[in-house]
Amino acid sequence: MKIAVAMSGGVDSSVAAALMVEKYGQDDVFGVTAKLFCYSKGVKEKACCSLEAIDDARAVCNKLGIPHYVINAEKEFRLSVINSFISAYQHGQTPIPCIACNTLIKFGSMLDKVKELGAEKLVTGHYARIKETNGKFQLLRGIDTVKDQTYFLYGLSQKQLSYIEFPLGGLEKSEVRKIAKQYGLRVAEKKESQGVCFVTEGTVADFIKKEITVSPGNIVNTKGEIVGHHEGYIFYTIGQRKRIGGGYREPMFVVAIDPLKNEIVIGNKDELYGKKLKYIAGHFIPGKEPRWPLKCTAKIRYNSDDVDCEVTKIKSEYGKHYSASFNKPQRAITPGQSIVLYQEDIVLGGGIIEKAD
Amino acid sequence: MIYFDHAATTPIAPKVLKAMEPYFSEKFGNPSSIYRIGREAKSILEEARKTAADILGAESPMEIVFTSGATESSNLGIKGAMEAAAFETGSRVHVLTTAIEHHSVLDTVKHLEKSFGAETTFLSVTREGLADPKDLSKAIKDNTAVISVMSGNNEMGALQPIEEIAQIIELEKERRKKQGIETPLVFHVDAVQSFAFKKISLKDLPIDMLSLTAHKFYGPKGVGLLYVRQGTKFNSQQKGGAQEKGRRAGTENVPYIVGMVKAMQIADEKRDKYSKKITSFTNYLVEKVTAEIQNVELIGPKSNQSRLPHIATFLFKGVEGESVLLNLDMLDIAASSGSACTSGSLEPSHVTKAMGYDDLSAHGAVRFSLGELNKKSDIDKLMENLPGIIDKLRAMSPVKG
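Criteria and thresholds
- In this convention, every chain numbers its residues from 1, walking through the sequence in written order.
- Here every chain gets a letter starting at A, and every ligand a number starting at 1, in the order they are written.
- Reporting of local features is limited, given that this is a predicted model, to residues whose pLDDT is at least 70; pairs of side-chain atoms are given and counted only at 80 or more, and all residues count toward the totals for whole chains, interfaces and linings.
- Side-chain descriptors were evaluated using all non-hydrogen atoms of the structure, hydrogens and water having been removed beforehand.
- Here a helix means four or more residues in a row that DSSP labels H or I, a strand means two or more in a row labelled E, and each is numbered from the N terminus.
- C-alpha atoms define the radius of gyration, and 2.2 Å times the number of residues to the power 0.38 defines the globule rule.
- Remark: exposure states derive from per-residue accessible area (1.4 Å probe, protein chains only) relative to the maximum for the residue type, with buried under 20%, exposed over 50%, and partly exposed in between.
- Residue contacts follow a heavy-atom distance rule, with two residues in contact if any of their heavy atoms lie within 4.5 Å.
- Only the protein chains shown count as cover for residues, with accessible areas throughout obtained via the Shrake-Rupley method and a probe of 1.4 Å.
- Only four residue types enter the charge count: Lys and Arg as positive, Asp and Glu as negative, with His and the chain ends excluded.
- Lysine's charge is taken at NZ, arginine's at CZ, aspartate's at CG and glutamate's at CD.
- Throughout, the arc means the angular range of directions from the helix axis out to the C-beta atoms.
- Paired strands, in this sense, are two strands between which DSSP finds at least two bridges.
- Axes here refer to lines fitted to C-alpha atoms; in helices the fit is confined to the stretch in contact. Angles between the N-to-C directions go from 0 to 180 degrees.

1. Looking at the overall build of chain A
Now for step 1: What chain A contains, in helices and strands, is eight helices and 17 strands.
Now for step 2: For chain A, whose C-alpha radius of gyration is 22 Å, the value lies close to the compact-globule estimate of 21 Å for 357 residues.
Now for step 3: Counting only C-alpha atoms and orienting by the principal axes, one finds that chain A spans roughly 70 × 55 × 40 Å.
Now for step 4: Expressed as a percentage of its 357 residues, the buried residues of chain A come to 53%.
Now for step 5: For chain A, long-range pairs separated by at least 24 residues make up 65% of all intrachain contacts whose partners lie at least 6 apart in sequence.
Now for step 6: Here chain A displays about 17,500 Å² of accessible surface, and carbon together with sulfur accounts for 49% of that area.
Now for step 7: Positive and negative side-chain charges of chain A, numbering 50 and 41 respectively, have mean locations separated by a distance of 1 Å.

2. Section: the overall build of chain B
Now for step 1: Within chain B, the secondary structure is distributed over twelve helices and twelve strands.
Now for step 2: Computed over its C-alpha atoms, the radius of gyration of chain B comes to 22 Å, within 12% of the 21 Å expected for a compact globule of 401 residues.
Now for step 3: In terms of overall dimensions, chain B has a C-alpha envelope of 65 × 55 × 35 Å along the principal axes.
Now for step 4: Per-residue burial for chain B yields a buried fraction of 58% across its 401 residues.
Now for step 5: Long-range contacts, defined here as pairs at least 24 residues apart, represent 76% of the contacts in chain B between residues at least 6 apart.
Now for step 6: The averaged location of the 50 negative side-chain charges in chain B is 3 Å from the averaged location of its 50 positive side-chain charges.

3. Considerations on helix α7 (residues 204–211) of chain A
Since there are 3.6 residues in each turn of an α-helix, residues three or four apart along the chain are aligned in direction.
All names here are of chain A.
Now for step 1: Of the residues making up α7, those classed as buried are A205, F207 and I208. Looking straight down α7, one finds that the buried residues subtend no more than 155 degrees of arc, so they occupy a single side.
Now for step 2: Residues of α7 that are buried in the fold lie against α3 (74–90).

4. Structural notes on the sheet that holds strand β10 (residues 311–316) of chain B
Residues and elements named next belong to chain B.
Now for step 1: A sheet is described by the order of its strands in space; here three strands give the open sequence β9-β10-β12, paired in antiparallel fashion. Edge positions in the open sheet fall to β9 (296–298) and β12 (365–369), since each of these has one partner strand only. Each neighbouring strand pair of the sheet contributes to a mean axis angle of 25 degrees, computed without reference to strand direction.
Now for step 2: As paired elements, β9 and β10 share three bridges and run antiparallel to each other. The partner of V296 across the bridge, within β10, is F316.

5. As for the side chain of Q149 of chain A
Residues and elements named next belong to chain A.
Now for step 1: Relative to the helices and strands, Q149 is located in the loop between β6 (136–141) and α5 (158–163).
Now for step 2: The exposure class assigned to Q149 is buried, which follows from its relative accessible area of 16%.
Now for step 3: With sequence-adjacent residues up to four places away left out, Q149 is seen in contact with G125, H126, Y127 and Y302.

6. Remarks on the environment of D329 of chain B
Residues and elements named next belong to chain B.
Now for step 1: Along the polypeptide, D329 turns up in helix α9 (residues 321–330).
Now for step 2: The exposure class of D329 is partly exposed, given its relative accessible area of 36%.
Now for step 3: Once the C-alpha coordinates of D329 and I2 are considered, the two residues, 327 residues apart in sequence, prove to be 9.5 Å apart.

Here it is as structure tokens:
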């Protein structure tokens, strides 16, 4: 059985590869890194870019004595991830590109590619677990609750899960670093990657500015009165306090972004909280929808705790529209972020927040 | 390992390695030094130059400039001649080449356009990958200073009509003389892939500059030469010492130059026999592939006369060349997609593009290049696996077909 390990050059995927070599043996494991965008700066266009991360992944594979392949997914990444990222900002949202990348690239085109190379499993260094019962797959939170990455993986299908192995799901990050040291992997002390990977220079706003036209507009309060001006709504996200001017009677926050009117709406703390939201592109991991209403817990951003929640389906001609309501008001419900549904450790599914309701 | 990538590089022949050996630690002198071991190095260097000149049919050893390989040779020749012509005429000069050249020529020409203000023309080619001498003739302008055409294409093996082009250029030179047009005209040929198979005698063939690199014919990597016909003006690019008569500064790489010239000698002696052997291997490969695999096209010229004997590039419809290569690598079979882009850039090759193939089919290109390392049984071993790989890949991505 051939096993492909998706390697980013970081400590997690390197340890995942080491564990796979231990489990399946050198002969059956190979590493693969997807080249997702052109990293070169100032180098000639479309040159063969060399990248530290690819070199690191290759070095780890050399150390482990397994082959390493670089596959090109630039086109797919541009279409499925970067373009929708830009479009979300254009619609006044704050998107999470990693979710689309996992569902469509890592476990999409990359999975297809390694299958072409004869792999029967694709292994990644995600902190998540998969449980199989009678051919049905469940996605479970990683043991390390701080590192748990199921928030980014809720879009996986039964078919995708059947090909995946997550060897780090049962480990704490500290153990992973220890294993990396035991194997003498030079990436053991490497820093965590942060931010949006394809924004290599400047801020996300700088990146978006290059792709779309950004024009100034008004800042209004919830009554619709103009209270200031902004340089472009892409510089704002829900809950933000910066760039909204001052002199208000109470602390004010961005509570909505209206791309059609080119307006930023600000409100007080109460107006920042909401008990209900609508979400779209709903996905359920078991492959079929649950009974409505669904009682579960939810995370409405990666770094938030689970909150009790009730989900129902909304009748809509566009399909896959859902409504989630919470017992307690939630701060800064942000369009473009995802809502991910859990029952205990089991991930039920999720979708993309359309708006606070 | 089964190695089908001789167009990328070849191993150093044992005789070549042996010839190089004394010049690393024992006879290590600098050819520019005045004492004995320096003089000895100088004399071995000049002997090598003489041998190289003789093999190429050059008039004088002076016409050989040793370099670090064909990339440097082509850079030096093309840039050098363009600079000299611009300097001499005091005006904008034109460079004419084909769309299927190696990047060392293409990018040099593009660089001249960008930073030197040169006029450029990239001649298109036929579906078979051949440049038409008539098109070339029409594209020559009064201010054309350099014409660069490769003799054999590295990606699909098309042999360009160098003799015919050389005649056209000779006629153009005569016309300029008659009409008092002062712009000098230099004909540069990249003969990297063809040298081992096709004899070029510069006595009979009016080429002004020729680039070679040793590692394509069982010599070491990192050494090459530029032939420059006497009287051809060109500016040196690398500044420093007066080595190579001031045309290429830098201490001469004596052991590698000795190795290259030894490899040239062997290639020259064995050329006919070698060509015959490799042609029969390649024919066998083409026969097997086209018989045993459906929907496959051998790209490049149809006639063996217009092909390099060692290169067979196939388009397997409905699959990505990259996937084929990785599957072969897993069986320890080495082949390539034509251009050596290791970081997995899927930019379709400029060569297949110029031949009129669309991006999708161009992605299916796989190049096999044969040579000394091959036995007939290698091809049988390849064919035990290749049809299965292609079938498997096609079954997996039916949409792409």
